[in-house]
Amino acid sequence: MAKVTRDDVARLAGTSTAVVSYVINNGPRPVAAATRERVLAAIKELGYRPDRVAQAMASQRTDLIGLIVPDARQPFFAEMAHAVEQAAAERGKMVLVGNSDYLDEREVHYLRAFLGMRVSGLILISQGPSEHAATEIDAWDARVVLLHRRPEAIDDVSVVLDDIGGAERLTRHLLDHGYPYVACLGGVDSTPELGDPVTDHVIGWRQAMERAGLDTEGRLFKAPYNRYDAYRIALELLAGPGRPPALVCATDDQAIGVLRAARELRIDVPGELAVAGFDDVKEAALTDPPLTTVGSDREAMARAAVDLAIGEPASGSGPASDRIRQFPVTLRLRASCGCPTPS
């Protein structure tokens, strides 16, 4: 059986091969709705399958978007990757995912690999300062969209949250409950960097404490971002004589580890210890007690990142500069801080 070609589709649809290309590639020129329907009907009737490899060779671009994340096993990054994949699919793109594992060399490895594949867009959730990645991006003269984190070394467009404002509001909410002070479980970096969400969460916590006239000295504790290490550190912290009355965690995953440690130590949450996180992963609503956290419109952020990556105007962003699209945050108030959990 002879291979169906674009000429065959154009002939059956009563149009030109150029119009068929515009329909298949969703541009660059608009196609009237009736004509588009005829082309799609002809494609279905003939069983035409575009040769994506040939298209990529001709255009020097693929229908792929590269996404680099620090660790897709962590719930926040898994949910963000899924949102990016959904947004890309709505725009006729597919997503390749690489895990940097919080390592500079792996981040650079995936940058080189994806850019070498001529992806149509690249989204980077950076694992750190990313100085080597910045050098690689400059060498390729590539357009990269920074999502979630904005390393100082890379001056590409970014899609981020109001992390400082969200952490400040969360801390202030806990203080409004009447807790004498709020401690903070931050990250492990010895040299915090502006634009890093965890650093910004610590800044927001510190601002709320200082504006309430409270001391922060000795009330900031370090832990990796995952629940397992946070659990181990929380066991020691909560069993000691200086157990805080309330604890803001830089991530929900940390907070889930803290809740597990409190349960093992028979510490009542929130009666003896209030706990709050940041990210609003889906699991936060199912912890015991349900976790108070800071949420955002992850789907809107993903759509904005994908649009910027493929050269479209960013959709749905909040206050923005020319380089930064910042999205607002929302407090998700649940029982772990002393609030009633919404039904």
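What you are looking at is a predicted structure, and each value in this text was computed from that prediction instead of being measured. (Residues numbered from 1 in each chain as written. Predicted model: local features only at pLDDT ≥ 70, side-chain atom pairs only at ≥ 80, totals over all residues. Heavy atoms only, no water.)

What follows deals with the sheet that holds strand E9 (residues 274-276). Ordered in space as E7-E6-E8-E9, the four strands form an open sheet in which the pairing is parallel. Each of the sheet's edge strands pairs with one partner strand only, and the pair in question is strand E7 (220-222) and E9. Mean inter-strand twist for the sheet, computed between neighbouring axes without regard to direction, equals 20°. Direction of pairing for strand E6 (residues 183-186) relative to strand E8 (residues 246-249): parallel, over a ladder of three bridges. Bridge assignment links Cys 184 to a residue of E8, and that residue is Val 248. Set on the sheet, helix H9 (residues 197-211) makes contact with E6 and E7; between it and E6 the angle comes to about 170°. (Pairing = 2+ DSSP bridges. Helix = DSSP H or I, 4+ residues; strand = E, 2+ residues; numbered from the N terminus. Axes fitted to C-alpha atoms, helices over the stretch in contact; angles between N-to-C directions. Contact = heavy atoms within 4.5 Å.)

Relative to the helices and strands, Ser 100 is located in the loop between strand E2 (94-99) and helix H6 (104-116). Accessibility expressed as a relative area gives 0% for Ser 100, which makes it buried. (Buried < 20%, exposed > 50% of the residue type's maximum accessible area, 1.4 Å probe, protein only.)

It is worth spelling out the pairing of strand E3 (residues 121-124) at this point. Residues Gly 121 and Ile 123 point to one face of E3 and Leu 122 and Leu 124 to the other, with burial holding for every one of them. Looking at chain direction, strand E1 (residues 64-69) and E3 are connected through four bridges and run parallel. Across the sheet, Ile 65 pairs through a bridge with Gly 121, a residue of E3. The pairing of E3 with strand E4 (residues 144-147) spans three bridges and is parallel. Bridging from a neighbouring strand, Leu 122 pairs with Val 144 of E4.

Another aspect to go through is the packing of aromatic side chains. By convention here, two paired aromatic rings are described through the distance between centres and the angle between planes. Taken as a whole and judged by the stated rule, the model has three aromatic pairs. Ring plane angle 50° and centroid distance 5.9 Å describe the contact between Tyr 102 and Tyr 225, whose orientation is recorded as tilted. Of this pair, Tyr 102 sits in the loop between E2 and H6 while Tyr 225 sits in the loop between E7 and helix H10 (227-239), placing them 123 residues apart in sequence. Overall, the relative accessible area of 28% leaves Tyr 102 in the partly exposed class. For Tyr 225, a relative accessible area of 14% puts it in the buried group. Measuring from centroid to centroid gives 5.7 Å for Tyr 110 and Phe 114, while their planes differ by 40°, and the two rings are tilted. Of the two residues, Tyr 110 and Phe 114 both sit in helix H6, four residues apart, roughly one turn of that helix. (Phe/Tyr/Trp six-rings, centres within 6.5 Å; stacked < 30°, edge-to-face > 60°.)

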